[in-house]
There are 2 protein chains.
Amino acid sequence: VKIELINTGSELLLGRVLNTHQQWICRQLADLGYEVTRQICVADDGPSIQAAAKESLGRADLVIVTGGLGPTSDDLTRDLIAQLFERKLVFVPEILKKIEAYFAARKRTMPPGSKGQAMVIEGAHVLPNDWGTAPGEAIVCERNPFSPAGAKAVLILLPGPPREMRPIFMASVLPLIQRELPLRSPFVCRTLRTAGMGESMVESKISPLLQPLVKQGLEIGYCARIGEVDVRLIARAGAAQAIVDSAEQIVRGQLDKGLIFGVDDDSLESVIVERLTRLRKTLALAESCTGGAIANRITNVPGASKVFMGGLVTYSNESKANLLGVRPESLQTHGAVSEVVAREMAEGALVRLGTDYALSVTGIAGPGGGTPEKPVGTVHMALARRDGPTLARLQHNNFDRETFKFITAQQAMTLLREQLVS
Amino acid sequence: VKIELINTGSELLLGRVLNTHQQWICRQLADLGYEVTRQICVADDGPSIQAAAKESLGRADLVIVTGGLGPTSDDLTRDLIAQLFERKLVFVPEILKKIEAYFAARKRTMPPGSKGQAMVIEGAHVLPNDWGTAPGEAIVCERNPFSPAGAKAVLILLPGPPREMRPIFMASVLPLIQRELPLRSPFVCRTLRTAGMGESMVESKISPLLQPLVKQGLEIGYCARIGEVDVRLIARAGAAQAIVDSAEQIVRGQLDKGLIFGVDDDSLESVIVERLTRLRKTLALAESCTGGAIANRITNVPGASKVFMGGLVTYSNESKANLLGVRPESLQTHGAVSEVVAREMAEGALVRLGTDYALSVTGIAGPGGGTPEKPVGTVHMALARRDGPTLARLQHNNFDRETFKFITAQQAMTLLREQLVS
């Protein structure tokens, strides 16, 4: 099954918003063994949308188009696709009733443009929207009019807002795809997530031993991000599961246990919350330069409240002293960015929040604030433990401000994670 | 100038990573008046990359390809583009020396695959990489071999990691584009950022009065995000600046002053830091359900340390009592998610951190924890002020966990921003 994804919206091509649809939709499909072969982003003007849809239908069995179903004048997708298929738009009173109810429930007056959202392309399946106004639509053609092969083709239209698109996709689109375009062979994909070794080193360690499996159809992919490298193992056809299982064993045998922190959707924060929960241990945070980034990531994990007692974001010297009990002498003698202060921050948080672990970071994010002895990027981090001595670590992260915060959070969470691996 | 952007990488089509290149590159180009007409994402296999590059060159004057210049075996872009142009790869000793120096400076051994990164397509300009290993490359053709028109065409290859791609783009790519493909007419784009009114309402308020300017060439775009609607005003050709200026005046006249919180790159957090700095006021935070998300956003703004003294992430009842001085009776009588507790949290933070303002949020993020009286999504927020009574607000945000945190942070920052508008 060849799949193409078309995201419409001038704001995407003007760089005003991040296209999160691509990752999300591709991910949902890949998890079921469907692979998107191409993704395209075009402006929401008439000719661009029609040309892209026609080209995609010429290459693919399934084309998914997002955006342009809203109530304003630049929402043209519905009309243009109807035109492309030479079909009329028909008014569906039930949809209008639902839209009216949506506004009534929120005590808002329905704007006039919303009526157009009750128009549906003739013969299309309606994909109900219980999370907003415009429903999705699916055109199923037994013979693709735009491909010389003329095989079965499906075109799906979805509204742009993620909190409407995502539930419609799960509730209506995936079942429709599995019904209309079922997969013929199995597909297994496993991603091993590593932190602490570069991409080339990871490849040189595992690639030679995986070659026999590559000959049997294993595909290996590497994806390097800041402080992390993913190893992706894919196989299709009959023995897919066995091939991926063997490959995983080989990779785990070659890489140090501490290097692989999880699989597939695991993140450092989800692994930490899971381990702390299993060990019945609690955590506190004392963040200076990361400014709440670690707390934010930990609390993104459902169930974090069972293990995470609280955090302190102590940006100023006074707050380090008042809230964490860092000694003014330490601040004066060693400076706020020092191992001594990092240790006192962690130990202060441990005592004040009565937890088993407390993690602290203090550093210079930049762009200002560096000195010759402590250049921008210097970070001290410490892990205080109820049942052992405090550990400290020094890092140099000379990056832009947001990257600095991200990588520092990664390193601090790694310091904690290492202690949770039994 | 027609521009197409090709992002390569199977991890993008498998949905393993978010494509941040698209937004970033489109944005840099749009700010200079260059518009990307299409963005394409293909897997990093041979036929896909070659086919996409050839098609794009058939439509566009400038094609930018990201990814696939790394040292591992799935990095094929350089070879495939050379093949497409029927050119050889040549070894450049200076690039290898630079790569060797990169590894030496980091005390890491150079992996063998890195040598391939010193190969350059014959006749291509080298775009130096001072932030990683593989340099970018630019092929400038006086006559586009893939387009019947045969006009001038430029193809640019860039490495995938953002922290390498971005500085190369700024240092080498933008100057090259402006030199080789200069713009012929002016371009003005202004985005007004609003919070607190729906997309249709915004359009119905401003659209009628803008029609005369639309006839003169004004383009209006709307982009709705959670809790925000952007109004984008674009004009090209001679009177572009005057048209956009007039349009902005009309929009500002039609929308309530409090609705427009900023322009272009402004964010709620950057506006808050800027206003607090100008007013010489300081801020503290007491976050429960947002778990550090507000502190994280505020500290993303350079210079935040001047106005943001610190924050407390009080996830447990004990930490609300111990760290903020919330009274145990209040927690017992009203519950942690209540106006009384929100007020005590904000007032506790104000006193403990000695600031002018302190913002608090307490709510039920879900998925668990709701009751009939306080369903999932209930949020109480409060703003304590040194020079006035504490303000409180109740919101109902029934969304998934991360959306809940985001929209709650938006509303809390809006409560503060309203007080900073004089």
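Below: a short report on this structure. (Residues numbered from 1 in each chain as written. Chains lettered and ligands numbered in written order. Predicted model: local features only at pLDDT ≥ 70, side-chain atom pairs only at ≥ 80, totals over all residues. Heavy atoms only, no water.)

**Observations concerning the relation of the copies chain B and chain A**
Expressed as a screw operation, the relation of chain B to chain A combines 0.0 Å of axial shift with a rotation of 180°, fitting to an RMSD of 0.0 Å. Both copies of the chain, as the preceding transformation shows, are related through a two-fold rotation axis. Comparing interface residues between copies, 100% of those in chain B also sit at the interface in chain A, which points to an isologous, same-surface contact. (Least-squares fit on C-alpha atoms with pLDDT ≥ 70 in both. Contact = heavy atoms within 4.5 Å.)

**Some remarks on helix α4 (residues 77-84) of chain B**
The buried fraction of α4(B) is high, at 6 of 8 residues. Immediately downstream of α4(B), the backbone of Glu86(B) shows phi near 50°, a positive value. (Buried < 20%, exposed > 50% of the residue type's maximum accessible area, 1.4 Å probe, protein only. Helix = DSSP H or I, 4+ residues; strand = E, 2+ residues; numbered from the N terminus.)

**A short note on the side chain of Arg232(A)**
With respect to the helices, strands and loops of the structure, Arg232(A) is situated in strand β11 (residues 228-236). When neighbours within four sequence positions are excluded, Arg232(A) is seen to be in contact with Cys189(A), Arg190(A), Thr191(A), Glu219(A), Ile220(A), Gly221(A), Ser10(B), Glu11(B), Leu14(B) and Arg16(B).

**Regarding the interface of chain B and chain A**
Frequently, the measure chosen for interface size is the accessible area that the parts lose on association. In this assembly, 84 residues from chain B lie in contact with 85 residues from chain A. Between chain B and chain A the total buried area reaches about 7,000 Å² when both faces are included, carbon and sulfur atoms providing 53% of it. Here chain B is connected to chain A by 4 salt bridges. A salt bridge links Arg59(A) to Glu55(B); the shortest N-O distance between them is 3.5 Å. For the side of chain B that touches chain A, the class distribution of residues is 35 nonpolar, 29 polar and 20 charged. Relative to strand β14 (residues 308-314) of chain B, strand β14 (residues 308-314) of chain A runs antiparallel, the two sharing 5 bridges. (Buried area = accessible area lost by both parts, 1.4 Å probe. Salt bridge = Lys/Arg side-chain N within 4 Å of Asp/Glu carboxyl O. Nonpolar A, V, L, I, M, F, W, Y, C, P; charged D, E, K, R; others polar. Pairing = 2+ DSSP bridges.)

**Brief notes about empty space enclosed by the protein**
Taken as a whole and assessed by the stated rule, the structure comprises 1 cavity of 30 Å³ or more. Of the pockets and cavities examined, the largest cavity occupies roughly 30 Å³. As for the largest cavity, its lining consists of Met201(A), Phe103(B), Arg108(B), Thr109(B) and Pro111(B). Across the lining of the largest cavity, the residue classes tally to 3 nonpolar, 1 polar and 1 charged. (1 Å grid on protein atoms, 1.4 Å probe; cavity = no way out; pocket = protein on both sides within 12 Å on 5 of 7 lines; lining within 4 Å. Points joined across faces, edges and corners; volume = space filled by probe spheres on them.)

Interpretation note: all reported values are geometric properties and have no functional meaning in isolation.
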